[in-house]
Amino acid sequence: MKETIKKLVEAWGPSGFEHQVRALIQAEVADLADEIRTDSLGNLICRMGSGGARVMVAAHMDEIGLILTYRDDKGFFRFSPLGGLIPDSLTGHRVRFENGVTGVIHREGAFRRPETPTLDEFFIDLDDGNGGSAGVQVGDPGALFRPYEERGTRIMAKSMDDRIGCAVAIEAMRRLKAGGDIPNEVYFVFTVQEEVGVRGARTAAFGLEPTLGIALDVTATADTPRSPNRMVVGLGKGAAIKVHDLGLVVPPAVKEMMIRAAESAGIPYQLELLAMGSTDASGISLSGSGVPSGCISIPCRYVHTTSETVDLNDVEACVGLLTTILQKPIEL
Ligand code: CO
Ligand code: ZN
């Protein structure tokens, strides 16, 4: 599974430009699903099983990034964010474009200015030394790049949000396939444009009309020095079962179904109460005439930086919990 994770997190796919990630996932799941298609927004929809509950499982393929808006005559660009870039985390980082060219993000005088910067203060250096910008132009999207690394059971990368959710979905598909008949009609949807406002999950859910929605996404933790988060989630404490975030109040029946599944299979879990953000589950829950929805969250430190850190044991717990839920008839 680590190889799949490394491939996914190092892939390039800012919101709205998920095609490279989609091709990778399509290759991974080709032999697992009963039916695969891509919808008009670019969501990859993979069906497994039939009968029982119609479940939409969503993990988003996109990562936060940026789009170039203006070039000066020396090859320095300005940009708009695609998703929640954290200005504090950007100085000195590298941005990769689809043609493979790398730019450097910088903000002048960062040494002398301790105040929190705004995105307007940054520029991207794409000067190629020959008066050009190496084929990169205004309108091109970019994504921050940093390679995958491991430290014991902790793994670090850019775009764990939400390629780790995609990896959990793929691994659950492998285990369901190996386990034989699936008593539910399960749609694994690898969604687009979550980071710019939960867009792909909404249209996919409108089309599929599921009876249950389950998102797979990262959640913040409160286990770092001086964390301001009013929550208990920490790395290594198991799958996080969402109770609430700013976009979703999980119906008690969905939360309790997940807790029962975790306890029956002896899977470590923790309850997630997140005082910020939302996930594909909020989009699914409000689609059509409404869909009961919940979320299995992968605890993650430093969300929306290039060093998003998760624990492999938590990842395993999330795969185990999702597989346990889907391989039996679902009762809410
Ligand atoms: Co995110
Ligand atoms: Zn996410």
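Residues numbered from 1 in each chain as written. Chains lettered and ligands numbered in written order. Predicted model: local features only at pLDDT ≥ 70, side-chain atom pairs only at ≥ 80, totals over all residues. Heavy atoms only, no water.

Here we take up the overall build of the chain. When you go through the chain residue by residue, the secondary structure sums to 7 helices and 18 strands. For the chain, whose C-alpha radius of gyration is 20 Å, the value lies close to the compact-globule estimate of 20 Å for 332 residues. When its C-alpha atoms are laid out on the principal axes, the chain stretches across 60 × 45 × 40 Å. Here the chain holds 332 residues, and 54% of them are scored as buried. Once local pairs closer than 6 in sequence are excluded, the contacts in the chain between residues at least 24 apart make up 75%. For the chain, the exposed surface amounts to about 14000 Å²; the carbon and sulfur share of it is 51%. Positive and negative side-chain charges of the chain, numbering 33 and 44 respectively, have mean locations separated by a distance of 3 Å. (Helix = DSSP H or I, 4+ residues; strand = E, 2+ residues; numbered from the N terminus. Rg over C-alpha atoms; globule rule 2.2 N^0.38 Å. Buried < 20%, exposed > 50% of the residue type's maximum accessible area, 1.4 Å probe, protein only. Contact = heavy atoms within 4.5 Å. Areas by Shrake-Rupley, 256 points an atom, 1.4 Å probe, with all protein chains shown as cover. Lys, Arg positive; Asp, Glu negative; His and termini not counted. Charge placed at Lys NZ, Arg CZ, Asp CG, Glu CD.)

What follows concerns the packing of helix H5 (residues 252-265) against helix H7 (residues 312-326). In the contact formed by H5 and H7, the axes pass within 9 Å of each other and the chain directions differ by 105 degrees. The angle between the axes of H5 and H7 places the two elements in the roughly perpendicular class. Here Met-257, Met-258, Ala-261, Ala-262, Ser-264 and Ala-265 of H5 come into contact with H7, specifically with Leu-321, Thr-324 and Ile-325. (Axes fitted to C-alpha atoms, helices over the stretch in contact; angles between N-to-C directions. Parallel < 35°, antiparallel > 145°, perpendicular 65-115°, else oblique.)

It is worth spelling out the packing of aromatic side chains at this point. This model, assessed by the stated rule, comprises 1 aromatic pair. Aromatic pair Phe-76 and Phe-123: ring centres 5.3 Å apart, planes at 85 degrees, arrangement edge-to-face. In this pair, Phe-76 is assigned in strand E5 (residues 76-82) and Phe-123 in strand E8 (residues 122-125), connecting sequence segments 47 residues apart. We classify Phe-76 as partly exposed; its relative accessible area is 25%. Taking the ring centre of Phe-145 as reference, the NZ or CZ of Arg-96 above it sits at 3.8 Å. (Phe/Tyr/Trp six-rings, centres within 6.5 Å; stacked < 30°, edge-to-face > 60°. Lys NZ or Arg CZ within 6 Å of the ring centre and 35° of its normal.)

Let us look at the coordination of the cobalt ion (ligand 1). Protein coordination at the cobalt ion (ligand 1): the donors are Asp-161 (OD), Glu-195 (OE), Glu-195 (OE) and His-304 (NE2), at 1.9 to 2.6 Å from the metal. Separating the cobalt ion (ligand 1) from the zinc ion (ligand 2) is a distance of 3.4 Å, and Asp-161 supplies a donor atom to each of them. Of this pair, Glu-195 sits in the loop between strand E12 (185-191) and helix H4 (200-208) while His-304 sits in the loop between strand E17 (293-299) and strand E18 (308-311); the two residues are 109 residues apart in sequence, bridging distant segments of the chain. Given a relative accessible area of 16%, His-304 falls into the buried group. (Donors = N, O, S within 2.8 Å, 3.2 Å for Na, K, Ca; no water.)

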